[in-house]
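The chain contents come next:
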Amino acid sequence: MEIKRKIRLFFSTYGESLFKIIGVILVIWLVIRLFNQMAVDNAKERKLQNELTYENQIENEKKNQLEVQEREIIENFIDYCNQKEIEKAYNMLSDTCKQENYSTIEEFKNKYINRVFNVYICDYKIVKSEDIYTVTLVEDMIATGKTNETKEQKYKLVGVLERKIEICK
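All values derive from a computational prediction rather than experimental measurement. (Residues numbered from 1 in each chain as written. Predicted model: local features only at pLDDT ≥ 70, side-chain atom pairs only at ≥ 80, totals over all residues. Heavy atoms only, no water.)

## Some thoughts on the overall build of the protein
Helix and strand content of the protein: 5 helices and 4 strands. Along the longest, intermediate and shortest principal axes, the C-alpha atoms of the protein span 120 × 35 × 20 Å. Going through the 169 residues of the protein one by one, you find that 22% of them count as buried. When the accessible surface of the protein is split by element, carbon and sulfur atoms take 55% of a total near 12900 Å². (Helix = DSSP H or I, 4+ residues; strand = E, 2+ residues; numbered from the N terminus. Buried < 20%, exposed > 50% of the residue type's maximum accessible area, 1.4 Å probe, protein only. Areas by Shrake-Rupley, 256 points an atom, 1.4 Å probe, with all protein chains shown as cover.)

## What to know about the sheet that holds strand S4 (residues 164–168)
Spatially, the 4 strands line up as an open sheet ordered S1-S2-S3-S4, and their pairing is antiparallel. Of all strands in the sheet, those with a lone pairing partner are strand S1 (121–129) and S4, marking the two edges. Looking at each pair of strands side by side, their axes are set apart by 30° on average, direction ignored. Where strand S2 (residues 132–139) and strand S3 (residues 150–158) come together, 7 bridges link them in antiparallel fashion. Paired with Thr 136 across the two strands is Glu 152, which belongs to S3. With respect to the sheet, helix H1 (residues 2–82) is in contact with S1, S2, S3 and S4, its orientation differing from that of S1 by roughly 150°. Contacting S1, S2, S3 and S4, helix H4 (residues 105–116) crosses the sheet at an angle of about 135° to S3. (Pairing = 2+ DSSP bridges. Axes fitted to C-alpha atoms, helices over the stretch in contact; angles between N-to-C directions. Contact = heavy atoms within 4.5 Å.)

## Brief notes about the pattern of salt bridges
If you walk through the whole model with that rule in mind, you get 9 salt bridges. The shortest N-O distance in the salt bridge between Glu 70 and Lys 128 comes to 3.6 Å. In this pair, Glu 70 is assigned in helix H1 and Lys 128 in strand S1, connecting sequence segments 58 residues apart. A relative accessible area of 31% means that Lys 128 is categorised as partly exposed. With a shortest N-O distance of 2.6 Å, Glu 70 and Arg 163 are connected by a salt bridge. Highlighted residues: Glu 70 in helix H1 and Arg 163 in the loop between S3 and S4, separated in sequence by 93 residues. Through salt bridges that share partners, Glu 70, Lys 128 and Arg 163 make up one connected network. (Salt bridge = Lys/Arg side-chain N within 4 Å of Asp/Glu carboxyl O.)

## Some points on the packing of aromatic side chains
Applying the stated criterion to the full structure yields 10 aromatic pairs. Taken together, the ring pairs in this structure connect Phe 77, Tyr 90, Tyr 102, Phe 108, Tyr 112, Phe 117 and Tyr 155 into an aromatic cluster. The ring of Tyr 90 has Lys 98 lying over it, and the distance from NZ or CZ to the ring centre is 4.8 Å. (Phe/Tyr/Trp six-rings, centres within 6.5 Å; stacked < 30°, edge-to-face > 60°. Lys NZ or Arg CZ within 6 Å of the ring centre and 35° of its normal.)

## A few points about the environment of Asn 114
Here Asn 114 shows up in helix H4. In the structure, Asn 114 is positioned 33 residues away from Cys 81 in sequence and 9.5 Å away in space, judged by C-alpha atoms.

## Description of the pairing of S1
With 8 bridges joining them, S1 and S2 adopt antiparallel strand pairing. Paired with Ser 129 across the two strands is Ile 132, which belongs to S2. Where S1 folds back on S2, the antiparallel hairpin that results is connected by 2 residues, among which Glu 130 adopts a positive phi of roughly 60°.

## Details of the nonpolar core
In globular proteins that are soluble, nonpolar side chains generally tend to be buried together. If you look at the biggest cluster of nonpolar residues, it comprises 26 residues, and the most contacted ones within it are Phe 77, Leu 93, Phe 108, Tyr 112, Phe 117, Tyr 155 and Ile 167. Sorting the residues of this core by element identifies H1, helix H2 (86–91), H4, S1, S2, S3 and S4 as the ones contributing at least two each. Examining the composition of this core, we find that 5 residues originate from one element, H1, more than from any other. The residues touching Phe 77, leaving out its near neighbours within four places in the chain, are Ala 89, Met 92, Leu 93, Phe 108, Tyr 112, Tyr 155, Ile 165 and Ile 167. (Core = buried A, V, L, I, M, F, W, Y, C linked by side-chain atoms within 4.5 Å.)

Structure below.
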């Protein structure tokens, strides 16, 4: 009986303070858990954003690489035409372009090379808008006797495995 009396006395004397301390500890514990959960959620969100950003960077790099490859194809075509390597340039044309416009190498030479590349092209600028590449060809000033003599040509790349050029009119 003595022990029960001591316990009752203890709780009657210190009970209110004890429950307040336990309540404060519980509130602190709950606040810490809440902040921890918020930190975990923020970390997950940042990780997801970083992954999306990384995926976007990879996608942009792939697009840039593809555009660089496409520009190189067009540059090669212009260089072949400019250096009168007609067979190499003709082989870069798509089958539909060959069938519709230039059925033979001679026809390609007469209708396209002699008309567009009759004067040496000293410089060119390539601009892409959607799927069409607009190429501004700058003719040699010494050969033409004129400054800023330019011609504009439009090309489209077709084909999936082997990229071919289609001349737009």
